[in-house]
Amino acid sequence: MLLAVNDAVSTAVLAGRGGDAEIFGVIDLTSKVETRIAAITLGRAIQFVANASVLGYDVRGAMVVYGEPGTPSLRVWDCEHLWAKYGGALLQP
């Protein structure tokens, strides 16, 4: 069952990778304040969250919102796994 859910999320993310997404809950470790991330594509949002800790951000509470209302948001774990599995394919138009 879990595999089917992950496959459904992966399929939806790959299909919508060029669509708009917003990231919430990113903390800049230098200033200790929540950072506003401008609207970007879903693929770039996943890339950012998956790699943010290296760039000096705390994303433990981050979520990526995308798609139609009611679409479940992506959490850090989701982004890390999607980026590890699909990488550059998420950035393709």
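Notes on the structure follow.

**Let's talk about the sheet that holds strand β3 (residues 33-35)**
The sheet built from 3 strands is open, its strands ordered β3-β2-β5 with antiparallel pairing. Among the strands making up the open sheet, the edge pair consists of β3 and β5 (57-58). Pairing of strand β2 (residues 26-28) with β5, which is carried by 2 bridges, proceeds in the antiparallel orientation. Across the sheet, the residue bridging to I27 is D58, located in β5.

**A word on the nonpolar core**
Judged by nonpolar contacts, the single largest core of 20 residues is most densely connected at V13, I23, L42, I46, V49, V64 and L74. Among the secondary structure elements, those contributing two or more residues to this core are β1 (20-24), α2 (42-51), β6 (63-66) and α3 (76-86). Here the element with the most residues in this core is α2; it accounts for 5 residues. Sequence-distant contacts of V64, defined by excluding residues within four places in its chain, comprise A21, E22, I23, L42, A45, V49, S73, L74 and C79.

So, how was this worked out
- Residues numbered from 1 in each chain as written.
- Predicted model: local features only at pLDDT ≥ 70, side-chain atom pairs only at ≥ 80, totals over all residues.
- Heavy atoms only, no water.
- Pairing = 2+ DSSP bridges.
- Helix = DSSP H or I, 4+ residues; strand = E, 2+ residues; numbered from the N terminus.
- Core = buried A, V, L, I, M, F, W, Y, C linked by side-chain atoms within 4.5 Å.
- Buried < 20%, exposed > 50% of the residue type's maximum accessible area, 1.4 Å probe, protein only.
- Contact = heavy atoms within 4.5 Å.

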